[in-house]
Amino acid sequence: MPAYLKTVLKEIDQHFQEPLSLESLAITAGVSKYHLAREFKKYLGMPPNEYLIVTRLNHSKTLLKYEDLTIEEITYSCGFHQVSHYINLFKKHEGCTPLKFRREWHSNEAIKPPDAQ
């Protein structure tokens with residue numbers, strides 16, 4: 001993987017809560033946005049925007065599991081701009097709503113036996 005792609009991944013991972021465009025990522029990488037999009041998909045199997053969405057959703061799953069934030073608070077803290085859009089993306093990727101995900105996570109945690117050591 002080229003070094004500029006590693007730079008772009010780091011940029012997304014560190015700034016996913018902020019608005020990021022293909023153009024701004026290309027400027028960071030020092031390549032054209034078309035080249036970045038093509039190479040990103042070649043090496044990562046998805047376009048940069050999809051990687052950004054997955055990164056935001058993964059962070060939201062951590063918040064759903066371990067924080068007592070509302071869905072609205074999670075939406076905005078992960079870089080999404082509309083609650084309904086976040087819920088639809090979450091449902092598309094995870095197969096359930098964020099609230100259902102949280103409830104199932106907490107119910108599964110409650111029935112796990114303590115580790116025997």
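Quantities reported herein were computed from a predicted structural model and do not represent experimental measurements. Within each chain, residues carry numbers counting from 1 in the order of the written sequence. In keeping with the predicted nature of the model, local features appear solely for residues at pLDDT of at least 70, side-chain atom pairs appear and are counted solely at 80 or more, and the whole-chain, interface and lining totals rest on all residues. With hydrogens and water set aside, each side-chain value is computed from the structure's full complement of heavy atoms.

Chemist: Let's hear about the side chain of Arg56: which residues, and what values?
Modeler: Only DSSP runs of H or I reaching four residues or more are called helices, and only runs of E reaching two or more are called strands; each is numbered from the N terminus. By the secondary structure assignment, Arg56 is in helix α4 (residues 48-66). Although Arg56 is buried, it forms no salt bridge, and the closest oppositely charged side chain is Glu18 at an N-O distance of 8.5 Å. In this description, contact between two residues means that some pair of their heavy atoms is separated by no more than 4.5 Å. Other than its neighbours up to four places away in sequence, Arg56 contacts Phe16, Glu18, Pro19, Leu20, Cys78, Gly79 and Phe80. Burial status follows relative accessibility: with a 1.4 Å probe on protein chains alone, a residue under 20% of its type maximum counts as buried, one over 50% as exposed, and anything between as partly exposed. In this charge count, Lys and Arg are treated as positive and Asp and Glu as negative; neither His nor the chain ends contribute. Here, a salt bridge means any side-chain nitrogen of Lys or Arg that lies within 4 Å of a carboxyl oxygen of Asp or Glu.

Chemist: Outline helix α3 (residues 33-44), supporting the account with residue identities and numerical values.
Modeler: For α3, with 12 residues, the first-to-last C-alpha span of 16 Å sits near the 16 Å given by 1.5 Å per residue. Along α3, the residues classified as buried are Leu36, Glu39 and Phe40. Each buried residue of α3 sits inside an arc of 105° when the element is viewed along its axis, so together they form one side. In α3, the exposed positions that point more than 90 degrees away from the buried face belong to Tyr34, Arg38 and Lys42. Given a helix with a known number of residues, its expected span is that number minus one, times 1.5 Å. Working note: the arc is built from the helix axis to C-beta atom directions.

Chemist: Mind laying out the packing of aromatic side chains, listing which residues take part and the relevant values?
Modeler: To pair, rings of Phe, Tyr and Trp, with the six-membered ring standing in for Trp, must have centres within 6.5 Å; the planes then decide the type, stacked if under 30 degrees apart, edge-to-face if over 60, and tilted in the middle. In total, this model carries five aromatic pairs according to the counting rule given. Between the aromatic rings of Tyr66 and Trp105, the centroid separation amounts to 5.9 Å while the plane-to-plane angle is 80°, which identifies the pairing as edge-to-face. Linking Tyr66 in helix α4 with Trp105 in helix α7 (residues 98-111), this pair joins segments that are 39 residues apart in sequence. With relative accessibility at 55%, the residue Tyr66 sits in the exposed group. Ring geometry for Phe80 and Tyr86: centres 5.2 Å apart, planes at 40°, overall tilted. Grouping residues by exposure puts Phe80 and Tyr86 together as buried. We call a charge positioned over a ring when the NZ of a Lys or the CZ of an Arg lies within 6 Å of the ring centre and within 35 degrees of the ring normal. Taking the ring centre of Phe80 as reference, the NZ or CZ of Arg56 above it sits at 5.8 Å. Lys65 extends its terminal NZ or CZ atom over the ring of Trp105, reaching a point 4.4 Å from the ring centre.

Chemist: Pulling in residues and values, what's your account of the pattern of salt bridges?
Modeler: In the structure shown here, the tally under the stated rule is three salt bridges. With a closest N to O distance of 3.6 Å, Glu23 and Lys33 form a salt bridge. Separated by 10 residues along the polypeptide, Glu23 in helix α2 (residues 22-29) and Lys33 in helix α3 bring together distant segments of the chain. The class for Glu23 is partly exposed, based on a relative accessible area of 46%. Here Lys33 falls in the partly exposed class, since its relative accessible area comes to 29%. Its salt-bridge partner being Glu104, residue Lys100 comes within 3.8 Å of it at the nearest N-O pair. On the criterion of helical spacing, the pair formed by Lys100 and Glu104 is a turn pair, its members being four residues apart in helix α7.

Chemist: Give a detailed account of the nonpolar core, specifying residues and quantitative values.
Modeler: The nonpolar core is taken to be a set of buried Ala, Val, Leu, Ile, Met, Phe, Trp, Tyr and Cys residues, with the residues joined through side-chain atoms within 4.5 Å. Grouped together as the largest cluster of nonpolar side chains are 14 residues, with contacts concentrated most on Val8, Ile12, Leu36 and Phe40. Only α1 (3-15), α2, α3 and α4 provide two or more residues apiece to this core. Of the residues forming this core, the biggest block, five residues, is contributed by α1. Counting residues in each nonpolar core, the second largest holds 13 residues, with Ile53, Tyr86, Cys96 and Phe101 among its members.

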